[in-house]
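Reading the structure
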Amino acid sequence: MHQSVPHLINGEFTVSQSKRRIPVTNPATGLVIAEVPCSTSEEVETAIASAKKAFLSWKETPVSDRARLMLRYQQLLKENHDEIAEILSQETGKVFADAKGDVWRGIEVVEHACNIASLMMGETAENVARDIDTYSFVQPLGVCAGITPFNFPAMIPLWMFPLAIACGNTFILKPSEQDPLTPVRLAELFLEAGFPKHVLQVVHGDREQVDQILTHPDIRAISFVGSAHVGQHIYKTGTDHLKRVQCMTGAKNHMVVMPDANKQQVINHLVGASVGAAGQRCMAISVAVFVGAAKEWIPEVAAKVAEAKPGLWNDEDAGFGPLINPAARKRVLQLIDSGKKSGANCLVDGSDFTMPEYPNGNWVGPTVFSKVTPEMEIYKEEIFGPVLLTMESDSLEDAIQTINANPFGNGTSIFTASGGAARYFQHHIEVGQVGINVPIPVPLPFFSFTGWKNSFYGDQHPYGKQAVRFYTETKTITARWFGNDAASGPNMTINLK
Ligand code: NAD
């Protein structure tokens, strides 16, 4: 019997009555470490009803009390940082240092949520008309929901529920069924911090549970992170049901390498940004575009990437871990094969990589292609594996054109010593997150995570001030207090008099 992952419904961690169970597997060993029962439709209904009821009192809790609870939560997350990272490593296969990074980038959002009183301050204007003032507040929406992917089981849930709840909402989290143990641990610590029991609910499952949430009349807003095709379904269904929806989806991120860049920095940063986390990051650099003479560096880049070896979570020499599941591995191997068949040059081939001690792990070694062109399948698809594609461009303008023609627009970066080139790039590139000599420019939480084009559906982005707007409604008040002035008769216009 494997451990059954509990859901958090109605203030209690309990195991679903459902017969439908999904195994949770350690991707390095292939061993089942737990099973996650999919919450039944009655259980999901109970969670939403319980969150709806809890909203009535939670929204009246003073903002300073909400902030104080959040402070306690961030303290508990820090105290349990390593333990959470270890759970995370077991179910994702991430190497420990990277797993700690996943937790830490979530903690940073919680730190930001501690500042909720300032974040929720409205605007005021005095004397907008004679003796009339206008001021605005933001108020919470009600029950909000989050649907999260497998690749950041700590950071991405923490992008969502802490800010939503700090704003005064209640929240239903549906974590990835592939690694639910980490989010459940986050929820346990959340209750331990002292939040009222029904403010956060965690249900488990897949499409069935998501569709129930998407169409439920009591859910006001949905934050989704995951693949592009699922994001499009969520955005369409959610907005068809008149909900506020934000979907952060797939990516194909390019790094431009100018010939004046610091070569050693380029090589070092490209290794981690491309094959780190086995390439399973939405901000991973998947394509490096070498401009002009910089193309001479491609063999050196390939040689350095080849040195990054997969391994177990606690192997300090391992650069990254396995892919999340056998299907993901099979897909990546097929894409590598299609790259070879379509005429790209496979400089480093990780498709035969094995770990004899762990033959059931989802291993793929580091892989590098050169001579990649835009019509190739490996270029068009988000590979989500430890594969770096390299391309060549005659000029910065050509490189920008290639990137702008790509349907995705999550992240990009340029490595250069020229301020002029960097300025030109940052202005003309049609991508929402731009790094200048920074390979993975994920903004800290006082900004927002601003993917563009097919990497994002919605208008307000996650975390930062935009998330506070996403999780609240603005109320604008226009007020006058009468003194002893004589009334001057009815005002028959819309003007303030
Ligand atoms: P996924 O789309 O398969 O799953 C994401 C979530 O949606 C899971 O909770 C899953 O249970 C649910 N889901 C899956 N299929 C569904 C369906 N048909 N209907 C409703 N719900 C469904 O994504 P994944 O494989 O877990 O994560 C990897 C993807 O996430 C990559 O494409 C990556 O780029 C993307 N991602 C994007 C960002 C970003 O900020 N843009 C961040 C992280 C990951």
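Just above, that's the structure.
What you see as residue numbers is a count from 1 along each chain, following the sequence as written. Thresholds applied to this predicted model are a pLDDT of at least 70 for local features of residues and 80 or more for the giving and counting of side-chain atom pairs; totals over whole chains, interfaces and linings are not thresholded and use all residues. Calculated side-chain values reflect all of the structure's heavy atoms, with hydrogen atoms and water omitted.

**Structural notes on the site of the ligand**
The cut-off we apply is this: Proximity criterion: a residue is near a molecule or strand once any of its heavy atoms comes within 4 Å of it. Throughout this description, a polar contact denotes any pair of N or O atoms lying within 3.5 Å of each other; where both atoms belong to protein, one of them has to be capable of donating a hydrogen while the other can accept it, and for residues adjacent in sequence the pair is counted only when both atoms sit in side chains. Put simply, Ala, Val, Leu, Ile, Met, Phe, Trp, Tyr, Cys and Pro go in the nonpolar bin, Asp, Glu, Lys and Arg in the charged bin, and everything else, Gly too, in the polar bin.
Taken together, 29 residues lie around the ligand, and Lys174, Glu177, Ser227, Thr249 and Glu382 are the ones closest in. Gly226 has a polar backbone atom sitting 3.3 Å from an oxygen atom of the ligand. Here an oxygen atom of the ligand and a side-chain polar atom of Glu382 are 2.6 Å apart. Grouping the amino acids of the shell around the ligand by side-chain chemistry returns 14 nonpolar, ten polar and five charged.

**Here's the deal with the environment of Val210**
As a reminder, the rule being used: Counting from the N terminus, the helices are DSSP H or I runs at least four residues long and the strands are E runs at least two residues long. Contact between two residues is taken to exist if any of their heavy atoms lie within 4.5 Å; hydrogens are not considered.
Here Val210 shows up in helix α8 (residues 207-215). Separated by 64 residues in sequence, Val210 and Gly146 have C-alpha atoms that sit 9.4 Å apart. The residues touching Val210, leaving out its near neighbours within four places in the chain, are Ile147, Lys174 and Ile234.

**Notes on the sheet that holds strand β23 (residues 472-480)**
Note the following rule: For two strands to pair, DSSP has to find at least two bridges joining them. The axes are straight lines fitted to the C-alpha atoms, using for helices just the contacting stretch, and the angles between their N-to-C directions are given from 0 to 180°.
On the basis of which strands lie adjacent, the open sheet formed by three strands has the order β6-β7-β23 and antiparallel pairing. Each of the sheet's edge strands pairs with one partner strand only, and the pair in question is β6 (124-129) and β23. Pairs of neighbouring strands in the sheet enclose a mean axial angle of 30°, with direction left out of account. The pairing of strand β7 (residues 132-140) with β23 spans nine bridges and is antiparallel. By the bridge assignment for β23, Phe137 is matched with Lys475.

**Some words on the pairing of strand β5 (residues 32-37)**
Across two bridges, the pairing between strand β1 (residues 3-4) and β5 is parallel. When the sheet's bridge partners are listed, Gln3 is paired in β5 with Ala34. By the bridge criterion, five bridges tie strand β4 (residues 21-25) to β5 in an arrangement that is antiparallel. By the bridge assignment, Pro23 is partnered in β5 with Glu35. Following β4, the chain reverses through six residues before pairing antiparallel with β5; Gly30 in that reversal takes a positive phi of roughly 80°.

**Quick look at the environment of Leu56**
Mapped onto the elements of the fold, Leu56 is located in helix α1 (residues 41-58). Leu56 sits 44 residues away from Lys100 along the chain, and the two C-alpha atoms are 36 Å apart.

**Brief notes about the packing of helix α10 (residues 263-275) against helix α11 (residues 298-307)**
Stated formally: Here roughly perpendicular refers to angles of 65 to 115 degrees, roughly parallel to angles under 35, roughly antiparallel to angles over 145, and oblique to all remaining angles. Each crossing gets its hand from how the near helix is turned against the far one by less than a right angle, where anticlockwise is left-handed and clockwise is right-handed.
Interaxial distance between α10 and α11 falls to 9 Å at its minimum, and their mutual angle equals 45°. Classified by the angle between their axes, α10 and α11 sit oblique to one another. Here α10 and α11 pass one another in a crossing that is right-handed. Each of Lys263, Ile267, Asn268, Leu270, Val271, Ser274 and Val275 in α10 lies in contact with α11, whose residues at this interface are Glu300, Val301, Lys304 and Val305. Taken together, the residues of the contact of α10 with α11 sort by class into six nonpolar, two polar and three charged.

**Examining unusual backbone geometry**
Put simply, the rule reads: Whether a residue is buried, partly exposed or exposed follows from its accessible area with a 1.4 Å probe, protein chains only, as a fraction of its type maximum: under 20%, in between, or over 50%, in that order.
For Ala278, which is not a glycine, the phi torsion comes out positive at approximately 55°. Topologically, Ala278 is positioned in the loop between α10 and β14 (285-291). We classify Ala278 as buried; its relative accessible area is 1%. Positive phi, normally seen in glycine, also occurs at Tyr463, with a value near 45°.

**Description of the sheet that holds strand β20 (residues 433-436)**
Strand order in the open sheet formed by seven strands is β15-β16-β17-β14-β13-β19-β20, with mixed pairing between adjacent strands. The open sheet is flanked by β15 (345-348) and β20, the only strands paired with a single partner. Averaged over all adjacent pairs, the angle separating strand axes in this sheet is 20°, with direction ignored. Bridge count for strand β16 (residues 367-370) against strand β17 (residues 387-393) is three bridges, and the pairing is parallel. Its bridge partner being in β17, Thr367 is matched across the sheet by Val387. The strands touched by helix α15 (residues 419-428) are β13 (253-257), β19 (411-415) and β20; relative to β19, the strand with the most contacts, the crossing angle is about 165°.

**A word on the packing of helix α4 (residues 96-113) against helix α6 (residues 155-166)**
Running from amino to carboxyl end, α4 crosses α6 at an angle of 10°, the nearest separation of the two axes being 8 Å. The angle between the axes of α4 and α6 places the two elements in the roughly parallel class. Judged by the sense of rotation from one axis to the other, the crossing of α4 with α6 is right-handed. Every residue of α6 that contacts α4 at Asp102, Val103, Arg105, Gly106, Ile107, Val109, Val110 and Ala113 is listed here: Met155, Leu158, Trp159, Pro162, Leu163 and Ala166.

**Quick word on the nonpolar core**
Test applied: Remark: nonpolar core denotes a set of buried residues (Ala, Val, Leu, Ile, Met, Phe, Trp, Tyr, Cys) joined through side-chain atoms within 4.5 Å.
In this structure, Tyr73, Phe161, Phe171 and Leu200 are the most contacted members of the largest nonpolar core, which totals 62 residues. In this structure Leu200 touches Leu8, Phe161, Ile165, Phe171, Leu173, Ala187 and Phe190, once residues within four positions along its chain are discounted.

**Quick word on α15**
Quick note on the threshold: Picture the helix axis, draw a direction to every C-beta atom, and the arc is the one those directions span.
Those residues of α15 that sit buried are Ala421, Ala422 and Phe425. Seen from one end, α15 has its buried residues packed into an arc of 95°, which puts them on one side. What points out from α15, more than 90 degrees from its buried face, is the exposed set Gly419, Gly420 and His427. For α15, the elements touching its buried residues are β13, α14 (396-405), β19 and β20. Sitting at the head of α15, Ser418 places a side-chain oxygen 3.3 Å from the backbone nitrogen of Gly420.

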